[in-house]
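Here's the letter readout for the chains.
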There are 2 protein chains.
Amino acid sequence: MSNQIKVVLTEDEIPRQWYNIQADLSHPLPPPLGPDGKPVTPAMLEKVFPANMLPQEFATERWIDIPEGILEKLYLWRPAPLFRARALEKALGTPAKIYYKNEGFSPAGSHKPNTSVAQAWYNKEFGIKRLTTETGAGQWGSALAFACALFGLKCRVYMVRISFDQKPFRKLMMQAWGAECLPSPSENTAFGRKVLEDDMDTPGSLGIAISEAIEDCVSSKDTRYSLGSVLNHVLMHQTIIGLEAKKQMAKINEYPDVVIGCAGGGSNFAGLAFPFLADKMAGKNLRVVAVEPAACPTLTKGPFVYDHGDCAGMTPLLAMHSLGHTFVPKPIHAGGLRYHGMAPLVSHVLREGLIEASALHQVECYTSAVQWARTEGFIPAPETSHAIAQVVREANRAKEEGKERVILFNWSGHGLMDLTGYDNFLQGHLHDYHLTDEDMKKSLASLEGLPKPPPLK
Amino acid sequence: MSNQIKVVLTEDEIPRQWYNIQADLSHPLPPPLGPDGKPVTPAMLEKVFPANMLPQEFATERWIDIPEGILEKLYLWRPAPLFRARALEKALGTPAKIYYKNEGFSPAGSHKPNTSVAQAWYNKEFGIKRLTTETGAGQWGSALAFACALFGLKCRVYMVRISFDQKPFRKLMMQAWGAECLPSPSENTAFGRKVLEDDMDTPGSLGIAISEAIEDCVSSKDTRYSLGSVLNHVLMHQTIIGLEAKKQMAKINEYPDVVIGCAGGGSNFAGLAFPFLADKMAGKNLRVVAVEPAACPTLTKGPFVYDHGDCAGMTPLLAMHSLGHTFVPKPIHAGGLRYHGMAPLVSHVLREGLIEASALHQVECYTSAVQWARTEGFIPAPETSHAIAQVVREANRAKEEGKERVILFNWSGHGLMDLTGYDNFLQGHLHDYHLTDEDMKKSLASLEGLPKPPPLK
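Everything quoted here is computed from the prediction, not taken from an experiment.

Colleague: Would you explain the overall build of chain A in this entry?
Modeller: A count of helical and extended segments in chain A gives 18 helices and 15 strands. Rg of the C-alpha trace for chain A: 21 Å, near the compact-globule value of 23 Å for 457 residues, within the 12% margin. Principal-axis analysis of the C-alpha atoms places the extent of chain A at approximately 60 × 50 × 50 Å. Partitioning the intrachain contacts of chain A with sequence separation of at least 6 by distance along the chain shows that 77% fall at a separation of at least 24. Accessible surface, chain A as shown: approximately 15700 Å² in total, 52% of it carbon and sulfur. Mean positive and mean negative side-chain charge positions of chain A (46 and 49 charges, respectively) differ by 3 Å.

Colleague: Could you clarify how one ought to interpret the sheet that holds strand E7 (residues 154-160) of chain A in this entry?
Modeller: The strands that make up a sheet are held in pairs by hydrogen bonds between backbone atoms, and each pair lies either parallel or antiparallel. Residues and elements named next belong to chain A. Strands sit in the order E8-E7-E6-E9 across an open sheet of four strands; the sheet is parallel. With one partner strand each, in any of the chains shown, strand E8 (180-184) and strand E9 (223-225) form the two edges of the open sheet. Direction aside, the axes of adjacent strands within the sheet are offset by 25 degrees on average. Looking at chain direction, E7 and E8 are connected through five bridges and run parallel. Opposite arginine 156, over in E8, you have glutamate 180 as the bridge partner.

Colleague: For this particular structure, what's the right way to read empty space enclosed by the protein?
Modeller: Empty space among the atoms becomes apparent when a probe as large as a water molecule is rolled across them. A complete count under the given rule lists six cavities of 30 Å³ or more for this structure. Of the volumes computed, that of the largest cavity is approximately 340 Å³. Lining the largest cavity are 28 residues, and of these Val8 and Pro81 of chain A together with Val8, Pro79 and Pro81 of chain B lie nearest its centre. Class assignment of the residues belonging to the lining of the largest cavity gives a composition of 20 nonpolar, two polar and six charged. A volume near 220 Å³ is recorded for the second largest cavity.

Colleague: What is the right way to look at helix H8 (residues 190-198) of chain A in this model?
Modeller: Counting along an α-helix, one turn takes 3.6 residues, and residues three or four places apart therefore face a common direction. All names here are of chain A. The complete set of buried residues in H8 reads Gly192, Val195 and Leu196. Taken end-on, H8 shows its buried residues confined to a sector of 100 degrees, consistent with a single buried face. Facing away from the buried surface of H8 by more than 90 degrees, the exposed residues are Glu197 and Asp198.

Colleague: Even after reading the chapter, I still don't get the relation of the copies chain B and chain A, so can you show me in this structure?
Modeller: Here chain B sits on chain A after a turn of 180 degrees about the axis and a move of 0.0 Å along it, with an RMSD of 0.0 Å. These values place the two chain copies in the arrangement generated by a two-fold rotation axis. Using C-alpha coordinates, one finds that chain B approaches the rotation axis most closely at phenylalanine 105 of chain B, a distance of 3.1 Å. By residue overlap, the copies meet face to face through one surface: 100% of the interface positions of chain B are interface positions in chain A.

Colleague: Even after reading the chapter, I still don't get the packing of aromatic side chains, so can you show me in this structure?
Modeller: Given two aromatic rings, their pairing is described by the distance between the two centres and the angle made by the two planes. The full count for this structure, using the stated rule, is 36 aromatic pairs over all chains. Between phenylalanine 146 of chain B and tryptophan 177 of chain B the ring centres are 5.5 Å apart and the planes differ by 55 degrees, which places this aromatic pair in the tilted class. Residue phenylalanine 146 of chain B is found in helix H5 (residues 139-151), and its partner tryptophan 177 of chain B is found in the loop between helix H7 (168-176) and strand E8 (180-184); the two are separated by 31 residues along the sequence. This pair shows no difference in class: phenylalanine 146 of chain B is buried, exactly as tryptophan 177 of chain B is. Arranged with centres 5.7 Å apart and planes meeting at 65 degrees, the rings of tyrosine 255 of chain B and phenylalanine 276 of chain B form a pair that is edge-to-face. Of this pair, tyrosine 255 of chain B sits in the loop between helix H10 (232-251) and strand E10 (258-262) while phenylalanine 276 of chain B sits in helix H11 (residues 267-281), placing them 21 residues apart in sequence. For tyrosine 255 of chain B, a relative accessible area of 23% gives the class partly exposed. The ring of tyrosine 75 of chain A carries the charged tip of lysine 6 of chain B above its face, separated from the ring centre by 4.7 Å. Here lysine 284 of chain B stacks its cationic end above the ring of tyrosine 255 of chain B, 4.2 Å away from the centre of that ring.

Colleague: Explain the pattern of salt bridges here, please?
Modeller: Note on pairing: side chains with opposite charge can pair once their charged atoms come close. What the rule picks out here adds up to 43 salt bridges over all chains. One salt bridge connects glutamate 254 of chain B with lysine 97 of chain B, and the closest N-O pair in it is separated by 2.7 Å. Linking glutamate 254 of chain B in the loop between H10 and E10 with lysine 97 of chain B in strand E5 (residues 97-102), this pair joins segments that are 157 residues apart in sequence. The pair formed by glutamate 254 of chain B and lysine 97 of chain B is uniform in burial state, with each residue classed as buried. A salt bridge links arginine 156 of chain B to glutamate 180 of chain B, with the nearest nitrogen and oxygen atoms 3.1 Å apart. Pair noted here: arginine 156 of chain B is in strand E7 (residues 154-160) and glutamate 180 of chain B is in strand E8, with a separation of 24 residues, a long-range link. Arginine 156 of chain B gets classed as buried once you look at its relative accessible area, which sits at 15%. When salt bridges that share partners are traced, they join Arg78, Lys101, Glu103 and Glu244 of chain A into one network.

Colleague: Which parts of the structure should I look at to understand the pairing of strand E5 (residues 97-102) of chain A?
Modeller: Here is the key point about a regular strand: its side chains alternate between the two faces of the sheet. Residues and elements named next belong to chain A. With six of its six residues buried, E5 lies for the most part within the structure. Residues Lys97, Tyr99 and Lys101 point to one face of E5 and Ile98, Tyr100 and Asn102 to the other, with burial holding for every one of them. Bridge count between strand E4 (residues 82-84) and E5: three bridges; the pairing is antiparallel. When the bridges of E5 are listed, phenylalanine 83 appears paired with tyrosine 100. Relative to strand E15 (residues 406-411), E5 runs parallel, the two being bridged by six bridges. In the sheet register, isoleucine 98 faces E15, and the bridge partner there is isoleucine 407.

Colleague: Any chance you could explain the interface of chain B and chain A here in plain terms?
Modeller: A common way to report how large an interface is uses the accessible area buried once the components associate. Each side of the interface is counted separately: chain B has 50 residues, and chain A has 50 residues. Carbon and sulfur atoms make up 64% of the area that chain B and chain A hide from each other, which totals about 4400 Å². At the surface where chain B touches chain A, the tally comes to zero salt bridges. For the side of chain B that touches chain A, the secondary-structure elements that each account for two or more residues are helix H2 (68-74), H5, H7, helix H14 (362-376) and helix H16 (419-426) of chain B.

Colleague: Explain the pairing of strand E11 (residues 287-293) of chain A to me, please; I cannot follow it from the model alone.
Modeller: All names here are of chain A. Extensive coverage of E11 is indicated by the burial of six of its seven residues. Across five bridges, strand E10 (residues 258-262) lies against E11 in parallel orientation. Its bridge partner lying in E11, valine 259 is registered against valine 288. The β-α-β motif built from E10, the intervening helix H12 (residues 267-281) and the parallel element E11 has right-handed crossover chirality. As defined by bridge partners, E11 adjoins strand E14 (residues 356-360) across five bridges and the pair is classed as parallel. What sits directly across from glutamate 292, in E14, is alanine 359.

Rules used in this analysis
- Residues numbered from 1 in each chain as written.
- Chains lettered and ligands numbered in written order.
- Predicted model: local features only at pLDDT ≥ 70, side-chain atom pairs only at ≥ 80, totals over all residues.
- Heavy atoms only, no water.
- Helix = DSSP H or I, 4+ residues; strand = E, 2+ residues; numbered from the N terminus.
- Rg over C-alpha atoms; globule rule 2.2 N^0.38 Å.
- Contact = heavy atoms within 4.5 Å.
- Areas by Shrake-Rupley, 256 points an atom, 1.4 Å probe, with all protein chains shown as cover.
- Lys, Arg positive; Asp, Glu negative; His and termini not counted.
- Charge placed at Lys NZ, Arg CZ, Asp CG, Glu CD.
- Pairing = 2+ DSSP bridges.
- Axes fitted to C-alpha atoms, helices over the stretch in contact; angles between N-to-C directions.
- 1 Å grid on protein atoms, 1.4 Å probe; cavity = no way out; pocket = protein on both sides within 12 Å on 5 of 7 lines; lining within 4 Å.
- Points joined across faces, edges and corners; volume = space filled by probe spheres on them.
- Nonpolar A, V, L, I, M, F, W, Y, C, P; charged D, E, K, R; others polar.
- Buried < 20%, exposed > 50% of the residue type's maximum accessible area, 1.4 Å probe, protein only.
- Arc of directions from axis to C-beta.
- Least-squares fit on C-alpha atoms with pLDDT ≥ 70 in both.
- Phe/Tyr/Trp six-rings, centres within 6.5 Å; stacked < 30°, edge-to-face > 60°.
- Lys NZ or Arg CZ within 6 Å of the ring centre and 35° of its normal.
- Salt bridge = Lys/Arg side-chain N within 4 Å of Asp/Glu carboxyl O.
- Buried area = accessible area lost by both parts, 1.4 Å probe.
- Right-handed = clockwise from strand over helix to strand, strands pointing away.

Next comes the structure, spelled out in structure tokens:
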């Protein structure tokens, strides 16, 4: 076609190994710490994650084989096409070339199944019968429900009560795949009952839901817990995105000047960016930008600390950028970006100076999302709109500077389940949330008394 | 991969011509008739359809070139992969091989954009500024809104009021793409006002909405009307599905014994089936099955007659299987299959003995849809579930007979916007609607006094 807009890979070209960035870091990742302040060992996590997958969390080898049983299922929507957004380029009048990986073709509509399928497969292989997890807006819960259906595992999802009530369709997706979806806090766990006792009308939070899912897991037979972001192995499962993108860019003799992804827990960003960071660590010149919501500015305003992954303080301490585990993000539509912390690996590469971070407000993001839908066609998820808004900024800067620039970003998922945000925006009802110093101070206080990560040598 | 489940085509292999089945019919299609009972000429339709596309409706040449400007946009989700449903085969324990074209990857989530993009392009080329259309459940309205956004056309969709109220998300999709979506009947047209005068609380109907969209079109400047199914040119635009499928089956040295598609207006069925019917007309041995809802059994119970395409009787008379233009189908979830008539070309090939028809109830269809989602992953639209249920029947028959059989069907779209039906089904609230003889008799009475199509010679 005269106007090539899509680069596809064949079956033979699908990556057969994940990239583990831990092999290439110039400083090692500070280890997770247990309640005693000592590094957590794999053995300590064996009641939570299957022992056949756990080594991945601590692995330092560069490449880890993707089992055939996982590839076979990923192949339903992978390799994912790389597109060039020519219509948007034209609308912006920019000399920049904008490329994107479209992760919206998976059955759950986002990049999440890249890891949910992998995790479900390892659990199945290990003889596990049932997985528990938590979900906020529902993207992760539906991705895990889908994966469990493929492998015949039972699945229970604790969904933050306010989302459970406000977003019934994500719950229906999970149920269509045979999963059980409970509003959290629930009567199902001791922790849930305790929270309900204190406040019958609580809207719930991701932190409460994590605590319930872990309690359910450790107190049940043949059950493990599954997390959709933040941890090392989860980010590694997503690197298939960036590995495909590198092959695709090479096919058209391009290499990105800027790589962009939105970042909540960090998995879709890392999935695209880490394989490119490998080149950067080897001397290649490129910028890599993580985009977060200004209402939850973990990377741009949160200190690098040891903090819990959940609000209740049940998880090990992770060395990461965090706003404090009691931080409750304002109700922006990008539910997947409402997390108080950031993946240790993403936090670490920011600290090493390998990436930049940008914090954007949601009205700007929706403006870009609507422009995207009306030029490029696919309606983006509110999370994805953060990456798009940054792309538009970069493309406009290229225009001002009169420079051709190659931009690559991760189009992490479609917004068909999140149309209410578009409605609010188009009706002019959407507004931005500004984080006050007082809010920050309050949640940062929850970090007091926790150990500090060692300085970079 | 050891277990191949997907056949992809490269950019070079995308079909560059549509297949026009009119070239190969052994009897010519009876022409559409005007109010005077005489054949309608292209010139009479020029206020409704753009004159540069109209010849396609009457064309008899076998191949019609697809313009580059259309291919470029189709390329966003085409060529669509051909999958083998190995997990379902295994679950059914069938010796049959089940292949399907996945049309759910388009931005609107169904096969509809194959024609909406083509129609919008022709209108744009012809200098038209605005399109009107009607929509029931919203699949077509959203597909046209998407296409109009790509080409910078204005778009107004008259959406059946009950769907407008009950399915707000389809409306939000259209709005995200910049289209205007009005509940029909509306105050916007003389016909709509008349209907509202008679009954303020009417739920509306597709027939009313068509009448409003046509009235809006013919009374406005630079405006044309667009239809999502039924007509010859619409079905032809969909043949890209079957043309791709033939190439894909050939790549793996397979040829279907049975080709299956669900049929409401007939476009997704024809899109897959017509290129295979070309082989059948040339002597190839295969079965082709159109699947309709038992609650709206046009092909299996409707006579072959001349009837109007809309309830108000504003359209030309079409020679087709019809239950009578006053037939109001019961509220099954598969809104896209609730149409009183059937595409003249699909009706014609049934009459010529080239295809079979099957009518299924929705509980059986949802049972198969859930089994599909839990084995193959992608959640099907309620329309698509009719094709799946027929596939399951055929696969079970192959098992009983102990015969390997190659089944190919059209997976016409995803069900992410239609999850309420799954909820009703899973909660055991779904029931079947049985068409009574009295209902049939009543609506068939609306055919009285209309001309009769000539018998096949």
